[in-house]
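# Results of the structural survey
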Amino acid sequence: MTFARKRVTAFAALAVAAAVALTGCAASDGGGSDGGSDGGDANLAITFLPKNLGNPYFDTSSKGGKAAVEEFGGTFQEVGPSEATPDAQVSYINTATQQGVGALVVSANDPQAICDALNEARDAGVKVVTFDSDTNTDCRDLFINQADSEGIAKVQADLIAEQIGGSGEIAILSAAANATNQNAWIDLMTEYIATEYPDISIVETVYGDDDDQISFDKTAALLQSHPDLKGIVSPTTVGIAAAARYLSTSDYKGTVALTGLGTPNQMREYVEDGTVTAFALWNPEDLGYLSAFAAQALIAGDITGAEGDTFEAGELGEYSVGADGVVLLGDPFVFDADNIGDFDF
């Protein structure tokens, strides 16, 4: 968990998205979902619900969540759909509510589609923490934000601008069309590029649905449709890896730039072989770790989610709740050939 203490500030003023495919059943670690823990009367059964299972990004965030839950003596489980569709998470929320878990930690596929189910859970006494991708603010108690949206948009825009020399056509390869975080980043990136890099033109945005093969195919289609394309930005770990895989064996390697948000383990070979120069990400393990401690603080009554609340998050230290119940993990990291070998997630 030391990553959070080793942020790189190469981009000044920067503040820069899933375990085995199990559909309809829980992957339990350290206990089931029906038990509390060593926290006295507190029900420290924590269920993580990522956008979908089988996504390396969420494998890593759940690893951090599990470590935190074990630290404070709770029980951890991860459940989720195999595909990241807007309402696919509803049945898992309902099941967790029926099981009487202490908290749900959710990365939302849609800001509204799961709200009714989440509020039913809250009415039943379940604390709701969103992370990575938020719901509407009235559907949860806290949102653990990996970084502010403006910073995430900025770092990706600055990286692609540097890599293509500040001018030319670029495209965006996103995740699901309804993904809250992706859409916010894309809107802000578009505005920032128009202001700061007027010679860069975003010619198309396509959606790979956080599916490796779909993202791979969308990359091929972009390059065929736009022969003058100079770069691709993919603000999703699945998308950037699929795009890199396509570029690495194509004639476009070294001529079409690729950046976005990825994990070092996914991207290492593509950085080392010259397909990708640099990309960015926070540490998803820290994000899951912080989310679990936020859930524990809510369950224990140490915080309510009000602005100004503070809580301790184990090795990461003290965090404060900001406006609208948002807790910010901190600055992200830019990975390149000089540092990517130092990380393993």
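This section reports on the structure supplied with the text. (Residues numbered from 1 in each chain as written. Predicted model: local features only at pLDDT ≥ 70, side-chain atom pairs only at ≥ 80, totals over all residues. Heavy atoms only, no water.)

## Topic: the pattern of salt bridges
Should the charged atoms of two oppositely charged side chains come close, the side chains can pair. With the rule as written, the count across this model stands at seven salt bridges. Where Arg122 meets Asp141, a salt bridge forms, and the shortest distance between an N and an O atom there is 3.2 Å. With Arg122 in helix H3 (residues 115–123) and Asp141 in the loop between strand E5 (127–131) and strand E6 (142–145), the pair connects residues that are 19 residues apart, well separated along the chain. On the basis of relative accessibility, which here comes to 16%, the residue Asp141 falls in the buried class. (Salt bridge = Lys/Arg side-chain N within 4 Å of Asp/Glu carboxyl O. Helix = DSSP H or I, 4+ residues; strand = E, 2+ residues; numbered from the N terminus. Buried < 20%, exposed > 50% of the residue type's maximum accessible area, 1.4 Å probe, protein only.)

## Some words on the layout of surface pockets
As a volume, the largest pocket reaches approximately 240 Å³. At the level of secondary structure, the elements contributing two or more residues to the lining of the largest pocket comprise E6 and helix H5 (180–196). Here the element with the most residues in the lining of the largest pocket is H5; it accounts for four residues. Of the residues belonging to the lining of the largest pocket, the class tally is four nonpolar, eight polar and four charged. (1 Å grid on protein atoms, 1.4 Å probe; cavity = no way out; pocket = protein on both sides within 12 Å on 5 of 7 lines; lining within 4 Å. Points joined across faces, edges and corners; volume = space filled by probe spheres on them. Nonpolar A, V, L, I, M, F, W, Y, C, P; charged D, E, K, R; others polar.)

## A closer look at the pairing of strand E2 (residues 45–49)
If a strand is regular, its side chains alternate between the two faces of the sheet. Within E2, five of the five residues are buried, which leaves it mostly tucked inside the rest of the structure. In E2, alternate side chains face the same way, and those of Ala45, Thr47 and Leu49 on one face and Ile46 and Phe48 on the other are all buried. Where E2 lies against strand E3 (residues 75–78), four bridges are found, and the strand directions are parallel. Across the sheet, residue Thr47 finds its bridge partner in E3, namely Gln77. Note that the unit made of E2, helix H1 (residues 56–71) and E3 has a crossover that is right-handed. Bridge count for E2 against strand E4 (residues 103–106) is four bridges, and the pairing is parallel. In the sheet register, Phe48 faces E4, and the bridge partner there is Val105. (Pairing = 2+ DSSP bridges. Right-handed = clockwise from strand over helix to strand, strands pointing away.)

## What to know about the sheet that holds strand E7 (residues 168–174)
Pairing within the open sheet is parallel, and its four strands lie in the order E8-E7-E9-E10. Both edges of this open sheet fall to strand E8 (200–207) and strand E10 (257–260), since each of them pairs with a single strand only. Taking the axes of each pair of neighbouring strands and ignoring which way they run, one obtains an average angle of 25° across the sheet. Pairing geometry for strand E9 (residues 229–234) and E10, over four bridges, is parallel. Within E10, the position partnered with Ser234 by the bridge is Gly260. Strands E7, E8, E9 and E10 of the sheet are contacted by helix H4 (residues 149–164), whose axis makes an angle of about 165° with E10. (Axes fitted to C-alpha atoms, helices over the stretch in contact; angles between N-to-C directions. Contact = heavy atoms within 4.5 Å.)

## Focus on the packing of aromatic side chains
Within this structure, the stated rule accounts for 16 aromatic pairs. Geometrically, the ring pair formed by Tyr289 and Phe293 is tilted, given 5.1 Å between the ring centres and 55° between the ring planes. Within this pair, Tyr289 and its partner Phe293 are both found in helix H9 (residues 284–300), separated by four residues, close to a single helical turn. Residue classification places Phe293 among the buried positions, given a relative accessible area of 8%. Taken together, a centroid distance of 4.9 Å and an interplanar angle of 50° make the contact between Phe333 and Phe335 tilted. Here Phe333 falls in the buried class, since its relative accessible area comes to 4%. With relative accessibility at 0%, the residue Phe335 sits in the buried group. (Phe/Tyr/Trp six-rings, centres within 6.5 Å; stacked < 30°, edge-to-face > 60°.)

## Things to note about empty space enclosed by the protein
Its volume calculated, the largest cavity comes out at about 30 Å³. Looking at side-chain class alone, the lining of the largest cavity contains four nonpolar, one polar and two charged residues.

## Looking at the nonpolar core
Ranked by internal contacts, the top residues of the largest apolar core, which has 73 residues, are Ile46, Trp282, Leu290 and Phe311. Per element, the largest residue contribution to this core is 10 residues, and it comes from H9. Contacts of Leu290, omitting those with residues within four sequence positions, involve Ile144, Phe311, Ala313, Leu316, Tyr319, Val327 and Leu329. In this structure, Leu49, Tyr92, Val101 and Val128 belong to the second largest nonpolar core, which totals 17 residues. (Core = buried A, V, L, I, M, F, W, Y, C linked by side-chain atoms within 4.5 Å.)

## Digging into the side chain of Thr263
With respect to the helices and strands, the residue Thr263 is situated in the loop between E10 and helix H8 (264–272). The class for Thr263 is buried, based on a relative accessible area of 2%. Reaching out from Thr263, the side chain makes a polar contact with the side chain of Gln266 at a distance of 2.9 Å. For Thr263, the contacting residues outside a window of four places in its chain are Thr237, Phe279, Leu281 and Phe345. (Polar contact = N/O pair within 3.5 Å; in protein donor to acceptor, adjacent residues only side chain to side chain.)

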